[in-house]
Amino acid sequence: MDKLSWSYIVSFFLVIMAAVLAISYTGEREELDHYLVVQVKEGDSLWKIADEYKEYDNMSHSEFVKWVQERNNLQSLVVKPGETIVIPIEKNKYYNAEYLANKE
């Protein structure tokens, strides 16, 4: 095979790999758009946030923390004030519950 053919084959596979990565990244981001985003406050931890939102999900604290850590690509369990994180609470469930609570 000559050099030109080889470079076309390599270029083709690089384009395919880039397209697959772009599609997979887009799908994950879109999935997370349905979940609530919160800003970490002074003194917050993932366990404290899990406790604060426990009435809106059916997860244990450890499941909640693991979900948050994986979806937000956190290298540790430490979060800092001002950071925003996605939590496993569906936006529409949360807002509907808050609306009903305020209406009563």
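Residues numbered from 1 in each chain as written. Predicted model: local features only at pLDDT ≥ 70, side-chain atom pairs only at ≥ 80, totals over all residues. Heavy atoms only, no water.

A.B. asks: Account for the overall build of the protein, with residues named and values stated.
C.D. replies: When helices and strands are counted, the protein shows 4 helices and 2 strands. In the protein, which comprises 104 residues, the proportion classed as buried is 24%. Considering only intrachain contacts with a sequence separation of at least 6, the fraction spanning at least 24 residues in the protein is 65%. Here the protein has roughly 8000 Å² of accessible surface; of this, 57% comes from carbon and sulfur atoms. (Helix = DSSP H or I, 4+ residues; strand = E, 2+ residues; numbered from the N terminus. Buried < 20%, exposed > 50% of the residue type's maximum accessible area, 1.4 Å probe, protein only. Contact = heavy atoms within 4.5 Å. Areas by Shrake-Rupley, 256 points an atom, 1.4 Å probe, with all protein chains shown as cover.)

A.B. asks: Break down a nonpolar patch on the surface for me, citing the residues and quoting the values.
C.D. replies: A grouping of Trp-6, Ile-9, Val-10, Phe-12, Phe-13, Leu-14, Ile-16, Met-17 and Val-20 is seen on the molecular surface, where their side chains present a nonpolar patch of about 890 Å² in accessible area. Its place among the elements puts Phe-13 in helix α1 (residues 3–32). Residue Phe-13 is classed as partly exposed on the basis of its relative accessible area, which comes to 49%. (Patch = residues over 30% accessible without salt bridge, like charges linked within 9 Å, V, L, I, M, F, W, Y side chains within 5 Å. Salt bridge = Lys/Arg side-chain N within 4 Å of Asp/Glu carboxyl O.)

A.B. asks: Which residues make up the environment of Val-79, and what values do they have?
C.D. replies: Within the element layout of this structure, Val-79 appears in the loop between α3 (61–71) and β2 (84–90). With sequence-adjacent residues up to four places away left out, Val-79 is seen in contact with Val-40, Asp-44, Ser-45, Leu-46 and Leu-74.

A.B. asks: Break down the packing of aromatic side chains for me, citing the residues and quoting the values.
C.D. replies: For the structure shown, the criterion picks out 5 aromatic pairs. When the centroid spacing of 4.9 Å and the interplanar angle of 65 degrees are considered together, the rings of Tyr-56 and Tyr-94 count as edge-to-face. With Tyr-56 in the loop between α2 (46–52) and α3 and Tyr-94 in helix α4 (residues 91–103), this residue pair connects regions lying 38 residues apart in the sequence. Residue class for Tyr-94 comes out buried when judged on its relative accessible area of 16%. (Phe/Tyr/Trp six-rings, centres within 6.5 Å; stacked < 30°, edge-to-face > 60°.)

A.B. asks: Requested: an account of the pairing of β2, with residues and values cited.
C.D. replies: Judged by how many residues are buried, β2 sits mostly within the fold: 5 of 7 residues are covered. Two elements, strand β1 (residues 35–39) and β2, share 5 bridges in a ladder whose sense is antiparallel. Paired with Gln-39 across the two strands is Thr-84, which belongs to β2. (Pairing = 2+ DSSP bridges.)

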